[in-house]
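# Fold and contact review
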Amino acid sequence: MKRHFLCFKSDINKGLKHGRADVIGIRDIGGDLSGEVETIAIEIKRGTSPFATASGQTLGYNVSANRVYLADRRAKSFTQDELQIASHLGIGLIQIRNKKCTEVLSSPFYRPIQRFNFALLENLGLGKCQLCGSFFEIGTIEKTHANLTREKVKQAILKEKGIMFWNEEVATRKDKVGLRPSPQGIVWERRFICPECVRNFISQLSASD
Ligand SMILES: [Zn+2]
């Protein structure tokens, strides 16, 4: 993931309740003007599963990932039939041979269901900044929001952290129709501001000069 796809973050066996890929990688695709990222999901097989079934399973990861790959351990190349099935379905192929991975077919770019993609990224400790729009490290995989204060702006400036805040209006709206119930007034609608925006922008609002 890091060497071939230039991912800055990767993890194994991550996913949501609807399914988890064997490997997830995140890489930057925003150029100089944006901190946009792309999620790559890889399903790893041992060369024994029925190919079309494994391909269909791989394709399913596009509900939460931008690119999907099936990696298969095998001594021989993929057959013409297999390449056609993969192209027809729209998945990428990676051949694993002697611990070496070769990208045989590239995955098309998919637009996943955004809430599933954001939930997956949050699982990996990444969140979107509401000011600059970049994805940044909100915490670790073990402690998801460790790099954020809870609506404490001054503390965020002092400790060089980001900020997490809650949107009550949107939460109430979703609670009213039963879309996302808020038991005992719990607000699930969390939003983030990155440490860079706190340091370069918000900190100046409290400066005297
Ligand atoms: Zn930001």
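I will try to describe carefully the structure that is included in this document.

### Regarding the coordination of the zinc ion
Looking at the metal site, the zinc ion is ligated by Cys 129 (SG), Cys 132 (SG), Cys 194 (SG) and Cys 197 (SG), spaced 2.3 Å from it. One can describe the donor arrangement at the zinc ion as tetrahedral, given that its four donor atoms subtend angles of 108 to 111 degrees at the metal. Binding-site remark: the zinc ion is held by donors from one chain whose sequence spacing is C-x2-C-x61-C-x2-C. Of this pair, Cys 132 sits in the loop between strand E7 (126-128) and strand E8 (135-137) while Cys 197 sits in helix H6 (residues 195-205), and the two are 65 residues apart along the sequence.

### Things to note about the packing of aromatic side chains
Counted according to the given criterion, the structure contains three aromatic pairs. A centroid spacing of 5.6 Å and a plane angle of 75 degrees characterise the contact between Phe 118 and Phe 135, whose relative ring orientation is edge-to-face. Note that Phe 118 is positioned in helix H3 (residues 114-123) and Phe 135 in strand E8, a separation of 17 residues in sequence. Phe 135 gets classed as buried once you look at its relative accessible area, which sits at 16%.

### A short note on H3
Turn by turn, an α-helix covers 3.6 residues, leaving residues three or four places apart pointing in a common direction. Inspection of H3 places Phe 116, Asn 117, Leu 120, Leu 121 and Glu 122 among the buried residues, and these make up the whole buried set. Just beyond H3, the residue with positive phi is Gly 125, at close to 85 degrees.

Rules used throughout
- Residues numbered from 1 in each chain as written.
- Predicted model: local features only at pLDDT ≥ 70, side-chain atom pairs only at ≥ 80, totals over all residues.
- Heavy atoms only, no water.
- Donors = N, O, S within 2.8 Å, 3.2 Å for Na, K, Ca; no water.
- Tetrahedral: all angles 85-135°; square planar, octahedral: opposite > 155°, others 65-115°.
- Helix = DSSP H or I, 4+ residues; strand = E, 2+ residues; numbered from the N terminus.
- Phe/Tyr/Trp six-rings, centres within 6.5 Å; stacked < 30°, edge-to-face > 60°.
- Buried < 20%, exposed > 50% of the residue type's maximum accessible area, 1.4 Å probe, protein only.

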